[in-house]
Amino acid sequence: MAKSRGAAKVLVQVLAALLAAAYLIPVYMTLVTSLKSPQEINLMTAWQPPSQVNWESYSTAFKQFAPYIKNSLILAVCATAISAAMGSLNGYVLSKYSLPGRNVIMPLIVFGMFIPYQSILVPLFQFMQRTKLYGGLPGLILVHVVYGLPITTLLFRSFYEEIPDELLGAASIDGADFFGVFRYVIMPLSGPPFLVVCIWQFTQIWNEFLFAVTLTRPSAQPITVALANLAGGQAVSWNLPMAGSVLAALPTVLIYVLLGRYFVRGLLAGALKG
Amino acid sequence: MQSRRDNLAAALIILPSIILLGIFVYGFIAQTMRVSMTDWGQEAAMVLEPKVNYIGLANYSDLFTGFLNMRFRQDLTNMLFFTLLFVGLSLLAGLLLAVLIDQLAWGETFFRTVFLYPMSLSFVVTGTIWRWLLQPRGGLNVLPTLVGLPAGKFLWLTSRDQTLAFDWSHIFYYLCLGALILFSISACSHWVRGEAAGLRAKLVICAVLLGILASGVLTSIKLLPFPEQHGFNKALWGIVLAAVWQMSGYTMALYLAGLRTIPDELREAARVDGASKFQVYRYVDLPLLGPITVSAVVILGHIALKIFDLIFAMAGPDHYPTSVPAITMFLKTFRGNELAVGSAIGVILLILVSLLIIPYLITSFKAEEG
Amino acid sequence: MRTSRWLKLVGMCGALLLMFAAVTSAAVQGELEIFSWWAGDEGPALEALIALYEKTYPEVSVINATVTGGAGVHAKAVLKTRMLGGDPPDTFQVHAGQELIGTWVVANRMEDLTWLYEEEGWMEAFPADLLGLLSTEEGIWSVPVNIHRSNVLYYIPDNLAQWGVDVPKTWDEFFEIAPKLEAQGIIPLSVGENWTATHLWECVALSALGPEKYGQLWDGELSWRSPEVIAVWELFGRILEYTNPDAPSLSWQQATDMVVSGQAAFNIMGDWASGYMSTTLKLAPGTGYGWAAAPGTEGVFIMLSDSFGLPVGCRHRDNAIAWLRMLGSLEGQDTFNPLKGSISARIDSDLTKYDVYLQSAANDWRTNRIVGSLAHGVVANERFMNDFATVMDIFLASKNAEAASNAAEAVAIQSGIGR
């Protein structure tokens, strides 16, 4: 009995290792291809490691991508910060204050994060044009802030609901008003929620493509568009798109590996409460 | 406890968000609906102030019955099959991975990280990498040759084979059949849980649907003047593979969190009763994972309905076998200058997503209040 | 303590945002934004032109806005969103012909350039056929920078000798050769993604219909359901049987690569493929790779032309006009085209600056009969082209010539071809 259980344990471990290897295949292929020289890339020998490591694709890709990485950074940092800040306030209000129509407001807000953006695209760019926000990063930031509000509001609300009302009551007895409670009770407890929300938003915004491609002038385009350009425009030598993919993926993958715990919490909370 | 001043402050704080979302979500949806009922897209579509005429629902009826829009109808078919396969396989893979990780003796963090990392990538990155992996004469297809096996021949993204073909003229028949299947499943679940009232209601509905199907009314409707075959394009397997690779970590995380919340006493009790390990999973864990599955279906389902970047990056916009409505919307709007038709496709997508999301939102927020 | 840190962070981001908004909205004097889809291999030619411009007008800083990828759809999406909202780039790349006229001129979004043509003496410098494609009765709407030929058949002479086949002059000859090639495990004709199939289709249509009737298709004089056109689809279907099954996953470069690496015998592509083989792959034109007119199209030149126009209400009109002036000049054309792998649109260009292939193309341009390309926006408007991609896919999936003809007829009616 004990023996067979031991065997089962080993089997589980081996199975997991095999699956992990399968999940890592794309990484292997990406790295290997990106380090080959264009002449060496051949469909038949795609799996073999490069005979000579060629870092050039990375320097070329980085040179091409640098301005777009900067755009993406500005975009993701600003939009994340603003939508997180607004989401935090909204979450506070919606979890702790009984406003009229509160039961209707929340589903209506959350619906906004599920809509297919194709259904608002045409009016959106018309609006951006009329407000002269079209084309630049500020406009794109605005769009990401607005469409990020549902998820940030939802996440903060569910975090704040776990803060006991008594804590707030005690503070208001001490004379703290709306902002006082937020500042001295809610904010000090908001560190981890902010981290969760910011990681989630940053990843989403960094990876977004549809708004990025339709709402920006080329000078303000984020990295996803640059990658699509690189990979779709000239698919001659695959080393460049692969190196580009690595560069485009690096920030979010790093965040995920370093702060995976919070990333998962965002994932779980984003699924509402079934 | 809250003063009127505080309530006022609270209302003022949330007002900007409400206004913004009101405009950007509901205002824009209304505007898209308005555009979808015009003929914007005739010759001079690109004038600064386009002159448009209202043509009611003509764009919609043309999408579903117009001769030239068979691409859109195949798009819908593709979307349906993609959604079913993607959601089903992601759930299956996620459950498998979660159970596996749950059983691991060591290395749990490592394996969890590996299975989940694709989630942090963008669809554009995933699409680019998988396009290379799925090259018909390279990538995965030549993988077997490394161990001396013959190379695979499957045309992952470019196959033009189609199976499960059906005639679009009979779409109502198939919709009715689909509804019958859904209601039968629902009836079964009522039966399992022993809810007599629910079971009776569902059985009545099933009987009605069965009657309609049997009467032949639906097959006598001529939606199109000629038969038009649509079916499952095998080229979609490539997209499904990449999408499941990317999202199965998500279902794994959900299930893993679910498994961890099941109290050990419950399992212990089952084991004491003589249940095997498998039986414990089957009768204790699985039923408790039901609500998680519902969440996952909704989240993955709406992602599948909206899928755009991944297919765009993997197969390109002009690839009929893997096209979906979101891509055709983009092409109609920006290449064909048919902004009204593009908007109509956008609205149809919205309706489909809403069918999935609205019941979910209502039940989850109701449950919260209760 | 902690609180104030969060607040500070939020405040800082807000300030950053405001600063950024201030920088981007302040219009800098002396800019010129050039919108195109030229990057990668086609980038250097444009960059050479820009360098020439910056040398002539050092006070203007040029913004080279290229949007590639997505088979040109991204560029169209960006351009159209900008034009719809009244924020046009200063000048943009557009195919001469219906892509220019059917989308932008009918919408009153372009400025008439007749005055510029008169000032620069371009009425005589460009062939009359080409001017016809750039004009309506109301004016001339863009400046052509190059001429490409679409109906070119490419091959590797050494490979053909080795396989014992000759270059087919007609499709019938091709059908004789093709089985021989297949017997040796060679794909007779390589094709790439969807638009390259349309590209092949126009060459097949021209050979089956002849230039006269090919032209009538676009005037609405020849019905898409006529037996002649159905025959085109049937011929096209027969040809496809000798092509690679993985076509949709290949870019045009990869389809060319198949010929170069000896996996395929022939490829039909525009003459940018010549530039790709001579510049990127370093093959010598004539010996390293060979070319001929696509089967059955000898003596006819399917042309397409990239041009730049002047959008109504662009921000730096004078700079854009200077750009157009340079594009049309002899110096501008002979700077750009040898690098791009295309020939000058002007009839007085200096042929010694061009390679062997381009000299032969330029020769044909002056002597051949000229017709316009379908796949590259010359003869049909964008709505037709977008829906024709669907027609093509209907055919690729069903191989039903009649269904494709019917669908194409319906598309032609809906998009107003020949009206």
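Residues numbered from 1 in each chain as written. Chains lettered and ligands numbered in written order. Predicted model: local features only at pLDDT ≥ 70, side-chain atom pairs only at ≥ 80, totals over all residues. Heavy atoms only, no water.

1. As for the overall build of chain C
Now for step 1: Helices and strands together make up the secondary structure of chain C, namely 18 helices and 14 strands.
Now for step 2: For chain C, the C-alpha radius of gyration of 23 Å lies close to 22 Å, the compact-globule estimate for 419 residues.
Now for step 3: Along the longest, intermediate and shortest principal axes, the C-alpha atoms of chain C span 80 × 65 × 45 Å.
Now for step 4: Taken across its 419 residues, chain C has 61% of its residues classed as buried.
Now for step 5: For chain C, restricting intrachain contacts to residue pairs at least 6 apart in sequence, the fraction spanning at least 24 positions comes to 76%.
Now for step 6: For chain C, the computed accessible surface area is about 15,200 Å², with 53% contributed by carbon and sulfur atoms.
Now for step 7: Distance from the positive charge centre (26 side chains) to the negative charge centre (50 side chains) of chain C: 8 Å. (Helix = DSSP H or I, 4+ residues; strand = E, 2+ residues; numbered from the N terminus. Rg over C-alpha atoms; globule rule 2.2 N^0.38 Å. Buried < 20%, exposed > 50% of the residue type's maximum accessible area, 1.4 Å probe, protein only. Contact = heavy atoms within 4.5 Å. Areas by Shrake-Rupley, 256 points an atom, 1.4 Å probe, with all protein chains shown as cover. Lys, Arg positive; Asp, Glu negative; His and termini not counted. Charge placed at Lys NZ, Arg CZ, Asp CG, Glu CD.)

2. A word on a negative patch on the surface
Now for step 1: Judged by side-chain charge, Asp166, Asp172, Glu173 and Glu176 of chain C come together as a negatively charged surface patch.
Now for step 2: Along the chain, the position of Asp172 of chain C falls in helix α9 (residues 171-183). (Patch = residues over 30% accessible without salt bridge, like charges linked within 9 Å, V, L, I, M, F, W, Y side chains within 5 Å. Salt bridge = Lys/Arg side-chain N within 4 Å of Asp/Glu carboxyl O.)

3. Focus on the environment of Leu134 of chain C
All names here are of chain C.
Now for step 1: Structurally, Leu134 is set in helix α7 (residues 128-134).
Now for step 2: Owing to a relative accessible area of 0%, Leu134 belongs among the buried residues under this scheme.
Now for step 3: Residues contacting Leu134, with those up to four places away along its chain left out, are Ala96, Leu100, Ile101, Tyr117, Gly139, Ile140, Trp141, Ser142, Pro144 and Ser307.

4. Considerations on the domain arrangement of chain B
Residue and element names in this part refer to chain B.
Now for step 1: Domain parsing of chain B yields domain 1 (72-157 + 234-369) and domain 2 (162-228).
Now for step 2: Domain 1 and domain 2 are separated by 26 Å when their C-alpha centres are compared.
Now for step 3: Facing the six residues of domain 1 at the interface are seven residues of domain 2.
Now for step 4: Counting the surface lost from both domain 1 and domain 2, the interface buries some 560 Å², and carbon and sulfur atoms represent 63% of this.
Now for step 5: Among the residues of domain 1 in contact with domain 2, Arg73, Phe81 and Lys234 are the three that bury the most area, contributing 72% of the side total.
Now for step 6: Among the salt bridges present, the one from Glu228 reaches Arg73, with a minimum N-O distance of 2.8 Å.
Now for step 7: The interface formed by domain 1 and domain 2 contains two residue pairs in polar contact (both at pLDDT 80 or more). (Domains from an automatic or database assignment. Buried area = accessible area lost by both parts, 1.4 Å probe. Polar contact = N/O pair within 3.5 Å; in protein donor to acceptor, adjacent residues only side chain to side chain.)

5. Side note on the side chain of Ser342 of chain C
Residue and element names in this part refer to chain C.
Now for step 1: With respect to the helices, strands and loops of the structure, Ser342 is situated in the loop between α15 (330-340) and α16 (356-367).
Now for step 2: At 3.5 Å, the side chain of Ser342 and the side chain of Asn146 are in polar contact.
Now for step 3: Only 2.6 Å separates the side chain of Ser342 from the side chain of Asn337, close enough to count as a polar contact.

6. A few points about the interface of chain C and chain B
Now for step 1: With 43 residues of chain C at the interface, the matching set in chain B holds 35 residues.
Now for step 2: Summed over the three residues of chain C that lose the most area to chain B, namely Leu84, Arg383 and Asn386 of chain C, the buried surface amounts to 18% of that side.
Now for step 3: For the pair chain C and chain B, the interface holds three salt bridges.
Now for step 4: Across the salt bridge formed by Asp387 of chain C and Lys332 of chain B, the nearest N and O atoms sit 3.3 Å from each other.
Now for step 5: Contributing elements (two or more residues each) for the side of chain C that touches chain B: α3 (73-84), α4 (98-105), α12 (252-260), α17 (382-398) and α18 (401-414) of chain C.

7. Focus on the sheet that holds strand β1 (residues 31-36) of chain C
Residue and element names in this part refer to chain C.
Now for step 1: Read across the open sheet, the five strands follow the order β2-β1-β3-β13-β6; overall the sheet is mixed. Looking at the sheet topology across the chains shown, the edges are occupied by β2 (61-66) and β6 (142-144). Looking at each pair of strands side by side, their axes are set apart by 25 degrees on average, direction ignored.
Now for step 2: Relative to strand β13 (residues 306-309), strand β3 (residues 91-95) is paired through three bridges, and the arrangement is antiparallel. Each residue of the ladder has a partner; that of His95, found in β13, is Asp306.
Now for step 3: On the sheet, α3 packs against β1 and β3 and is oriented at approximately 135 degrees with respect to β1. (Pairing = 2+ DSSP bridges. Axes fitted to C-alpha atoms, helices over the stretch in contact; angles between N-to-C directions.)

8. As for the nonpolar core
Now for step 1: Formed by 354 residues in total, the largest nonpolar core has its most connected members in Tyr147 of chain A together with Trp201, Trp233 and Trp323 of chain C.
Now for step 2: Every residue in contact with Trp323 of chain C, bar those within four places of it in the chain, is listed here: Leu32, Ile34, Leu46, Leu49, Ile50, Tyr53, Thr91 and Phe308 of chain C.
Now for step 3: Core analysis: the next-biggest nonpolar cluster, separate from the first, contains six residues, Cys176, Leu180, Leu213 and Leu218 of chain B among them. (Core = buried A, V, L, I, M, F, W, Y, C linked by side-chain atoms within 4.5 Å.)

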